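# Observations on the model geometry
The residues making up each chain are set out below.
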Amino acid sequence: MQTLNVGLAERSYPIFIGSGLLSDSELLLPHLTAKRAMIVSNTTVAPLYLEQLRTSLENCGVRYDSVILPDGEKFKNTASMDTIYDALLRSHCERTTTLIALGGGVIGDMVGFAAATFLRGVPFVQIPTTLLAQVDSSVGGKTGINHPLGKNMIGAFYQPQMVLADIRTLDTLPDRELSAGISEVIKYGLIRDLPFLEWLEQNMERLLARDVEALQYAIARSCQNKAEVVGNDERESGERALLNLGHTFGHAIENGMGYGVWLHGEAVAAGTMMAADLSRRLGWLSEAEVERIRGLFLRAKLPVSGPRMAAEKYHELMGLDKKVAAGKIRFVLLKTLGEAVMTGDVPEAILKETLEACCD
Ligand code: NAD
Ligand code: GLY
């Protein structure tokens with residue numbers, strides 16, 4: 001098992017990464033404020049892993065209730081939040097009750113938001129069960145839900161007490177979801193860790209084959225990168241925005257196609273190729289570098305172009321991005337491989353060229 005730390009003064013917390021951790025009650029107990037918990041999961045993950053978690057909690061004398069939500073990005077909404085609040089109130093949960101998110105990023109984001117808002121804030125624990133959630137969404141305290149008009153538009157920064165990433169849960173993850181998680185792993189290499197990008201180029205097939213050592217390395221290195229960025233800029237006043245490489249285009253794709261049609265990681269991969277194309281048109285990336293990125297996404301079995309939508313539609317959807325400032329869309333682009341920048345200075349004509357060149 002590896003232990004990393006997200007360094008945020010009094011809000012610091014550990015990330016545990018290893019195989020079989022779900023059954024290790026000794027890990028959980030010290031991070032529960034009281035011996036009372038509410039587990040939140042979904043109809044796919046609960047039948048696979050709820051029993052193991054229940055046994056762990058029982059072994060250390062924790063009283064728990066559980067609430068099981070429908071599965072899917074399209075349920076990341078106010079109706080699901082109400083279901084969580086209903087369960088918390090009906091079970092008479094208190095300020096010391098810990099919410100436990102057992103699932104992928106959709107569950108993690110919603111449970112974090114419920115924890116931030118129920119009784120004005122209760123503790124929560126992240127138990128991410130997708131690769132995407134283990135390398136990205138469970139770390140850093142971004143929580144929230146979608147709005148019909150925009151992705152992740154309602155939410156709060158609210159840090160968990162701990163993150164417990166059990167690599168063994170990835171055994172049951174569908175291949176398409178594994179690839180979607182690899183998309184966010186590649187992101188860290190592209191924005192700030194060129195040696196990791198090179199490692200990914202050498203080890204992509206091991207990741208796709210779910211080689212445990214390769215997965216452990218990629219998850220830990222991704223979490224290390226994320227922890228450093230979050231430790232420097234928790235509330236995204238600067239550096240943290242770079243973690244959104246590909247997301248301005250990606251969120252437009254997810255919303256434009258209907259939540260859940262494109263997986264988040266797939267939309268981020270296509271969005272990253274659009275950001276790379278834009279970076280090349282601005283004279284930053286070379287053609288060869290763009291091809292190198294494309295090659296890696298293709299090997300990870302991810303899409304490298306967006307769906308055809310009118311340029312105006314992309315524009316309208318991107319105008320709802322959280323990075324918009326003074327009415328201007330701002331993009332995270334690549335100066336070179338391993339170095340990202342954010343800019344609002346993209347000439348309209350060049351953006352249009354990218355939208356036309358990068359959509360099927
Ligand atoms: P997800 O939560 O929808 O999970 C993907 C699918 O895999 C679901 O059907 C889920 O039920 C299933 N699943 C989960 N674990 C499984 C397992 N072990 N075995 C079999 N099936 C399993 O999607 P995701 O990719 O984990 O997360 C995407 C979400 O995360 C998006 O809503 C995105 O906006 C959000 N996100 C948030 C952050 C953040 O910083 N908070 C960062 C990145 C993404
Ligand atoms: N996934 C982007 C962030 O956590 O900031």
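Located above this text is the structure these notes cover.
Let us look at the structure shown here. (Residues numbered from 1 in each chain as written. Chains lettered and ligands numbered in written order. Predicted model: local features only at pLDDT ≥ 70, side-chain atom pairs only at ≥ 80, totals over all residues. Heavy atoms only, no water.)

### Details of the pattern of salt bridges
Stated formally: A pair is scored as a salt bridge if a Lys or Arg side-chain nitrogen falls within 4 Å of a carboxyl oxygen belonging to Asp or Glu. Secondary structure elements follow DSSP: runs of H or I of four or more residues count as helices, runs of E of two or more count as strands, with numbering from the N terminus. When accessible area is computed with a 1.4 Å probe and restricted to protein chains, residues below 20% of their type maximum are described as buried, those above 50% as exposed, and intermediate ones as partly exposed.
Within the structure shown, the criterion is met by 27 salt bridges. The salt bridge involving Asp65 is made with Arg36; its shortest N-O contact spans 3.4 Å. Of this pair, Asp65 sits in strand S4 (residues 63-69) while Arg36 sits in strand S3 (residues 36-42); the two residues are 29 residues apart in sequence, bridging distant segments of the chain. The class of Asp65 is partly exposed, set by a relative accessible area of 27%.

### Notes on empty space enclosed by the protein
Short version of the rule: Residues are called lining when one of their atoms sits within 4 Å of a cavity or pocket point, these points coming from a 1 Å grid over the protein atoms alone, where a cavity is a set in which a 1.4 Å probe fits but cannot get out and a pocket is an open set with protein on both sides within 12 Å along at least five of seven lines. Grid points are joined across faces, edges and corners, and a volume is the space filled by probe spheres set on the points.
In this structure the tally under the stated criterion is 2 cavities of 30 Å³ or more. The computed volume of the largest cavity comes to approximately 90 Å³. Along its surface, the largest cavity is lined by 13 residues, and Lys151, His251, Leu317, Leu320 and Asp321 are the ones closest to its centre. Listing elements by their share of the lining of the largest cavity, those giving two or more residues are strand S8 (150-157), helix H9 (247-257) and helix H12 (311-318). Ranked by the residues each element gives to the lining of the largest cavity, the list is headed by H9, at 4 residues.

### Structural notes on the packing of H9 against H12
Packed helix pairs are characterised by how far apart their axes lie and by the angle those axes make with each other. Formally: Angles shown run from 0 to 180 degrees and are taken between the N-to-C directions of axes, each axis being a line fitted to C-alpha atoms and, for helices, limited to the stretch in contact. Our angle categories are set so that under 35 degrees counts as roughly parallel, over 145 as roughly antiparallel, 65 to 115 as roughly perpendicular, and the remainder as oblique. Contacts were defined at the residue level, with two residues in contact if any of their heavy atoms lie within 4.5 Å.
For the pair H9 and H12, interaxial distance at closest approach is 9 Å and the crossing angle is 105 degrees. On the basis of the axis angle, H9 is roughly perpendicular to H12. Contacts from Thr248, Phe249, Ala252, Ile253, Asn255 and Gly256 in H9 reach Tyr314, Leu317 and Met318 in H12.

### Re helix H13 (residues 348-357)
Because each turn of an α-helix spans 3.6 residues, side chains separated by three or four positions end up pointing in the same direction. Defined as follows: This arc describes the spread of directions from the helix axis toward the C-beta atoms.
Taken together, the buried positions of H13 are Ile350, Leu351, Thr354 and Leu355. Buried residues of H13 fall within an arc of 140 degrees about the axis and therefore sit on the same side. On its buried face, H13 sits against H9, helix H10 (264-281), H12 and strand S10 (331-336).

### Focus: the side chain of Ser138
Put simply, the test is: By the criterion applied in these results, polar contacts are pairs of N or O atoms within 3.5 Å in which, for protein atoms, one can donate a hydrogen and the other can accept it, and in which residues neighboring in sequence qualify only through two side-chain atoms.
One can find Ser138 in the loop between helix H5 (131-137) and strand S7 (142-147). One polar contact links the side chain of Ser138 to the main-chain carbonyl oxygen of Ala133, over a distance of 2.7 Å. If near-sequence neighbours (up to four positions away) are discounted, Ser138 is found in contact with Gln126, Pro128, Ala133, Pro160 and Val163.

### Quick notes on the sheet that holds strand S5 (residues 98-103)
The following threshold applies: Any two strands with at least two DSSP bridges between them are considered paired.
Ordered by their spatial adjacency, 7 strands build an open sheet running S1-S2-S9-S6-S5-S3-S4, and the pairing between neighbours is mixed. Pairing within the sheet leaves two strands with one partner each, and these edge strands are strand S1 (2-6) and S4. Neighbouring strand axes in the sheet, compared pairwise and without regard to direction, differ in orientation by 20 degrees on average. Of the pairings in the sheet, the one linking S3 to S4 comprises 7 bridges and is parallel in character. Residue pairing across strands places Arg36 opposite Arg63, the latter belonging to S4. Set on the sheet, helix H4 (residues 105-117) makes contact with S3, S4, S5 and strand S6 (124-128); between it and S5 the angle comes to about 170 degrees. Its contacts with the sheet place helix H8 (residues 212-232) against S1 and strand S2 (13-18), and it is angled at close to 15 degrees to S1.

### Examining the site of ligand 1
The test is simple: Residue proximity to a molecule or strand is established when one non-hydrogen atom of the residue lies within 4 Å of it. Methods summary: accessible areas were calculated by the Shrake-Rupley approach with a probe of 1.4 Å, and residue burial reflects only the protein chains presented. Gly is placed with the polar residues, together with every amino acid not listed as nonpolar (Ala, Val, Leu, Ile, Met, Phe, Trp, Tyr, Cys and Pro) or charged (Asp, Glu, Lys and Arg).
Around ligand 1 lies a shell of 28 residues, among which Asp71, Glu73, Thr129, Thr130 and Thr172 are the nearest. Measuring from an oxygen atom of ligand 1, one finds a side-chain N or O atom of Asp71 at 2.7 Å. The contact in question runs from an oxygen atom of ligand 1 to an N or O atom on the side chain of Glu73, over 2.7 Å. Coverage of ligand 1 by the protein chains reaches 91% of its 870 Å² of free accessible surface. If you list the elements that add at least two residues to the shell around ligand 1, you get helix H2 (45-59), H4, H5, S8 and helix H6 (175-192). Here the shell around ligand 1 is composed, by residue class, of 7 nonpolar, 11 polar and 10 charged.

### Section: the site of ligand 2
Neighbouring ligand 2 are Asp136, Lys142, Lys226, Glu236, Arg240, Leu243 and Asn244. Between ligand 2 and the protein, one listed contact pairs a nitrogen atom with a side-chain N or O atom of Asp136 at 3.3 Å. Within the side chain of Lys226, an N or O atom sits 2.5 Å from an oxygen atom of ligand 2. A total of 200 Å² of accessible area belongs to ligand 2 in isolation, and the protein chains cover 90% of it. Of the residues in the shell around ligand 2, the class split is 1 nonpolar, 1 polar and 5 charged.

### Re the state of the cysteines
Using the following cut-off: Defined by distance alone, a disulfide is two cysteine sulfur atoms within 2.5 Å.
Counted according to the given criterion, the structure contains 0 disulfides. With no disulfide of its own, Cys60 lies closest to Cys93 among cysteine sulfurs, the gap being 17 Å.

### Let's talk about unusual backbone geometry
You will see that Ala9, though not glycine, has its phi angle at about 50 degrees, which is positive. In this structure, Ala9 sits in the loop between S1 and S2. The class of Ala9 is exposed, set by a relative accessible area of 62%. Although it is not a glycine, Arg120 adopts a positive phi angle of roughly 65 degrees. With respect to the element layout, Arg120 can be found in the loop between H4 and S6. Exposure remark for Arg120: the relative accessible area of 77% places this residue in the exposed category.

Any functional reading would require information that these geometric values do not contain.
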